[in-house]
Amino acid sequence: MPPQAKGQSVAGPTVAEALRHPVLARAELVGGRQGLSRRIAWVHVSELLDVARFLQGNELLLTTGMALAHASPGAREAYLSSLAERGIAALGIELVQWMRSLPGDFSAWADAAGIPLLVFRKEVRFEAISQAICTLVLSRRTALLEALEEATRALLEGFAGGGLPGFAAALERLLPGQRVVVRPGPGPEEPGLWIPLTAGEEVLGVLGLVPGEGLDEMGRLVAERAAHLLAAHLAMARAQEEARRREALERLNALLLPDLFPGPPPYHPAWMGLALGEGVGEEALWPLLGEGVEAWGWRVGGARLFLLGGRRPALERVARALEGRDGVGVGPVVDGGCGARHTLREALWRLRYGQDALGLAPLLVPDPELHLAYARARLAPLLGLPPGRRRALGETLRVLLEEGNRTRVADRLGIRRQSLYRRLALLESLLGPLTPGRPDLLLALRILTEAGEL
């Protein structure tokens, strides 16, 4: 069969079928006989020499030859070439008023291009031809749609009764002589028709028909419909899997980042979280607090948590005195109440997992895919940025969490402090307060860097 217009599935009659209609009884085929199997998608009437720019392909183009009669040989050649390139179904020319005969190169063009060339040696009503052929097009499309809906029902019933094997068996019954193959990746280098299973811009797999030859138009439409149905099924199955993973992520976040301090804490300029394990006495804590430092304490599981409030220098002195002690987890000193919950979380994290929790990813997230999903969830706002901005801010975040001191951060990055402050302001708008440490963010950065996503 001659090729149709690129990317277009045509459900209209063939040129041969159209010529059997009474309205084309006066049409004389003078070239392009090998193109009689071309399908007509619509009828277009025009006298323009540059009409190809208004066509989509597969049209029956009708003209009285008004412009062609006065066109130069070069203009006629360009006209015919543009119609062949556009992929029209057939060309019909009335040889009555403007043209009485065709130049010899027209028939030669039709034979070379495989496009039927029709002439009308008596006056005809193009409007009647358009109405008749367009009625044929719409009738055939309706019949194909009804048959396609029947095939769709058979495919869905096969899926409902036997899953993917039932679906494949139903498709093989609809397409006798074809073996159905479904693979998760691109089709192999072997004969057959391989249709990608797409969801949006992502390819979820491939549907193969082997040998893939001998399919008529209805067979191709059924194959395309089967691919759409199968892609929808795979996308739905993946959405269900993503929902399962989101639920697991929520449980994971609840474990790693519990809401440890209900309600807003009272006002203090700075805060620090502290976690004491079993066997660590509280009496060692009180002499370190000094004046101006308040403490609230409660139990979470086997740990005792304390939220210390006061001025930054006093809290930093307490942190230095306690850091590194066995059975003690010290959170970073944070400014204002917005970071109070975070410093408590990090104190409990460090008590449970030590100061360096970055090697614990397989333990905390044993499923490698969930491992990656956790990191994506933690840094989702950062991943949504353009690649260049994402890499710059990711490196800034990593150095900040490692160094803590902003002057050293600017020196390591080789940027001015004003540029660093702009980056940090954007990071905090995306991720919240960037207090020193943040092993949850460091862990996510490590995972995404190793995966090549940051």
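Residues numbered from 1 in each chain as written. Predicted model: local features only at pLDDT ≥ 70, side-chain atom pairs only at ≥ 80, totals over all residues. Heavy atoms only, no water.

### A short note on the overall build of the protein chain
Selection criterion: Going along the chain from the N terminus, every DSSP run of H or I of four or more residues is numbered as a helix, and every run of E of two or more is numbered as a strand. We call a residue buried when its accessible area falls under 20% of the maximum for its residue type, exposed when it is over 50%, and partly exposed in between, using a 1.4 Å probe and counting protein chains only. Contact between two residues is taken to exist if any of their heavy atoms lie within 4.5 Å; hydrogens are not considered.
Looking only at helices and strands, the protein chain has 15 helices and 13 strands in total. Considering the protein chain as a whole, with its 454 residues, one finds that 44% of them fall into the buried category. Here the analysis covers contacts within the protein chain between residues at least 6 apart in sequence; of these, 69% occur between residues at least 24 apart.

### Re the pattern of salt bridges
If the charged atoms of two oppositely charged side chains come close together, the side chains can form a pair. Going by this rule: The term salt bridge refers to a side-chain nitrogen of Lys or Arg lying within 4 Å of a carboxyl oxygen of Asp or Glu.
This structure, assessed with the given rule, holds 13 salt bridges. In this structure, Glu202 engages Arg238 in a salt bridge whose closest nitrogen and oxygen atoms are separated by 2.7 Å. Of this pair, Glu202 sits in strand S8 (residues 202-210) while Arg238 sits in helix H5 (residues 217-256), placing them 36 residues apart in sequence. The partner of Arg299 in a salt bridge is Glu278, and the shortest N-O contact between them spans 3.7 Å.

### Quick look at the nonpolar core
What counts, and what does not: To form a nonpolar core, buried Ala, Val, Leu, Ile, Met, Phe, Trp, Tyr and Cys residues must be joined to one another through side-chain atoms within 4.5 Å.
Grouped together as the largest cluster of nonpolar side chains are 26 residues, with contacts concentrated most on Leu379, Leu397, Leu427 and Leu434. Looking at this core, the elements with two or more residues in it are helix H10 (368-378), helix H12 (387-403), helix H13 (406-413), helix H14 (417-431) and helix H15 (439-450). Broken down by element, the residue count for this core peaks at seven residues, all from H15. Leave out the neighbours within four places in its chain, and Leu427 touches Leu382, Leu393, Thr396, Leu397, Gly432 and Leu434. Counting 24 residues, the second-largest nonpolar core is a separate cluster that includes Leu148, Leu215, Leu221 and Ala223.

### A closer look at the side chain of Ser130
Mapped onto the fold, Ser130 is located in helix H4 (residues 126-174). On the basis of relative accessible area, Ser130 is assigned to the buried category, the value being 16%. Sequence-distant contacts of Ser130, defined by excluding residues within four places in its chain, comprise Val43 and Val45.

### Topic: the packing of helix H2 (residues 73-86) against helix H3 (residues 104-113)
So the rule is basically this: Between N-to-C directions, angles span 0 to 180 degrees; the directions come from axes that are lines fitted to C-alpha atoms, helices contributing only their stretch in contact. Working definition: roughly parallel below 35 degrees, roughly antiparallel above 145 degrees, roughly perpendicular at 65 to 115 degrees, and oblique for all remaining angles. By definition, turning the near helix anticlockwise from the far helix through less than a right angle yields a left-handed crossing, and turning it clockwise yields a right-handed one. Polarity classes work like this: nonpolar for Ala, Val, Leu, Ile, Met, Phe, Trp, Tyr, Cys and Pro, charged for Asp, Glu, Lys and Arg, and polar for all others, with Gly in that last group.
At their nearest, the axes of H2 and H3 sit 11 Å apart, and the two run at 20 degrees to each other. Judged by the angle between their axes, H2 and H3 are roughly parallel. Judged by the twist between their axes, the crossing of H2 over H3 is right-handed. For the pair H2 and H3, contact is made by Arg76, Leu80, Ser81, Leu83 and Ala84 and by Phe106, Trp109 and Ala113, respectively. Of the residues in the contact of H2 with H3, the class split is six nonpolar, one polar and one charged.

### Regarding the packing of H13 against H14
Packed helices, taken two at a time, are described by their axes: the angle between them and the distance between them. Contact geometry for H13 and H14: axes closest at 10 Å, N-to-C directions at 105 degrees. The pairing of H13 with H14 is recorded here as roughly perpendicular in orientation. Seen from H13, the contacting residues are Arg406, Thr407, Val409, Ala410 and Leu413; seen from H14, they are Arg417, Leu420, Tyr421, Arg423, Leu424 and Glu428. For the contact of H13 with H14, the residue count by class is six nonpolar, one polar and four charged.

### Some words on the confidence of the model for the protein chain
This is how it is decided: pLDDT runs from 0 to 100 and stands for how confident the predictor is about each residue.
Taken as a whole, the protein chain shows an average pLDDT of 83; of its residues, 86% reach a score of 70 or greater. Contacts of residues 1-8 to residues separated by more than four positions or lying in other chains number 20 contacts, the stretch itself having pLDDT below 50. Note on residues 357-362: pLDDT is under 50 here. Beyond four places in sequence and across chains, it has twelve contacts.

### Focus on the packing of aromatic side chains
Inclusion rule: Pairing of aromatic side chains here covers Phe, Tyr and the six-membered ring of Trp, requires ring centres within 6.5 Å, and sorts the geometry by plane angle: under 30 degrees stacked, over 60 edge-to-face, intermediate tilted.
Scanning all chains against the criterion turns up three aromatic pairs. For the pair Phe159 and Phe167, a centre-to-centre distance of 4.9 Å together with 45 degrees between the ring planes defines the contact as tilted. The two residues Phe159 and Phe167 agree in class, both being buried. Relative to Trp296, the ring of Trp271 lies with its centre 5.6 Å away and its plane at 40 degrees, an arrangement referred to as tilted.

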